[in-house]
Amino acid sequence: MSAESEFQDEVSRGDELEPAEIEEERWSGLIVPRARLKMLDFATKAEQGAEDQNVGFSARLFAQVSLPQRNPGEIPYYERRNGNVTLTMSPALITKRDRTKVRKYPYGIYPRLALTYVATEAFLTQSPVVDLGRSMRSFLSKLNVEYSGRNANIVKDQLAALFGAQLSVEGLAVNESGHGTVSEYFQIAKSVSLWWANREELGDEGLWASEVHLSEEFFNSIKASPVPVDLKAIRALGGSSLRIDLYIWATYRMYYLTKPTRIKWADLSNQFGAQYGRLRAFKAAFIKELQAVQIVYPALNAEVTQDYLILRPSLTHVRSNKPYKSLDPKERQAE
């Protein structure tokens, strides 16, 4: 495939891209998607040492299994598997303004950005209570998302779906006496207070700040095993849920990978490819987005073969001499 046809193909996938990301620029006779330019710009600055990392954190669970990429529709539950770990999600029951109730799943880019934001804030403050700001405009700025009425409405719906969804994580357990399963049931949030200004378009702020009180289970998982990520890299990769998932997963894997590992495409599909009808379609999408991830994470040593993805030990993307969870707040601010 030529470079030009590859770029044109990316533009055609508008279902995954925000309007700003679909914009194009002409470069050396080619039409280049804005999203690709952002990744190349990030990589160039990083190579030149002009791009300082902005370290954030992801919850380990969502570095292992992913949220829906697109709206799953009216299905009773959503499920992803990674080895012996299975994530099952039931949709949130949301009350609309007319008091009717609907069931919704969190999906797409915004819940991923929100999860990274709350995980980062919870870990750095060591508090399960995370401030979301006094207006939707200010919250979107925290996510590095341009304010618009459309984006605000989507984020409101997605926050309600994310914090209201019911999750369970099941894993296999083995000891000298036998084997079984261990299951944990939880929500991301224990409680949520959302207060948004009536006149957001004018830049007004609400009287009270919005906040989310994370559940004990989710907060403890962040404190115990956070996954350091570069928030600037995630922003550069914005426009594709799968790209963001692959970056967080690859960053997580390279923290403990000690030898080359082969992963079957079917296993990767079980982990990431919930909404691809055929394995072939998932594999093509995965390879394309992996190449994009390697633009911002060039040290990632991943090889594509017919039957496997081969991961080899690589430099971690976030440069750190010791785990962040071992640093006190003063040390973290000094880094």
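Provided above is the structure to which this section pertains.
Residues numbered from 1 in each chain as written. Predicted model: local features only at pLDDT ≥ 70, side-chain atom pairs only at ≥ 80, totals over all residues. Heavy atoms only, no water.

Visitor: A description of the side chain of threonine 88 should follow, citing residues and the corresponding values.
Guide: Position of threonine 88 among the secondary structure elements: in strand β5 (residues 85-90). Here glutamate 79 takes part through its side chain, which lies 3.5 Å from a polar atom of the side chain of threonine 88. Look past the residues within four positions of threonine 88 in its chain and what remains in contact with it is Tyr77, Tyr78, Glu79, Gln166, Leu167 and Ser168. (Helix = DSSP H or I, 4+ residues; strand = E, 2+ residues; numbered from the N terminus. Polar contact = N/O pair within 3.5 Å; in protein donor to acceptor, adjacent residues only side chain to side chain. Contact = heavy atoms within 4.5 Å.)

Visitor: Which residues make up helix α11 (residues 265-272), and what values go with them?
Guide: Restricting attention to buried positions, one finds in α11 the residues Trp265, Leu268, Ser269, Gln271 and Phe272. The arc enclosing the buried residues of α11, seen along the axis, measures out at 165°, which places them on a common side. (Buried < 20%, exposed > 50% of the residue type's maximum accessible area, 1.4 Å probe, protein only. Arc of directions from axis to C-beta.)

Visitor: Explain the sheet that holds strand β16 (residues 308-312) to me, using residue names and the numbers behind them.
Guide: What the 3 strands build is an open sheet, ordered β14-β16-β15; its pairing is antiparallel. Of all strands in the sheet, those with a lone pairing partner are β14 (261-264) and β15 (301-304), marking the two edges. Taking each pair of neighbouring strands and ignoring which way they run, the sheet shows an average axis angle of 25°. The pairing of β15 with β16 spans 4 bridges and is antiparallel. In the strand pairing of β16, glutamate 303 is matched with isoleucine 310. Set on the sheet, α11 makes contact with β14, β15 and β16; between it and β14 the angle comes to about 70°. (Pairing = 2+ DSSP bridges. Axes fitted to C-alpha atoms, helices over the stretch in contact; angles between N-to-C directions.)

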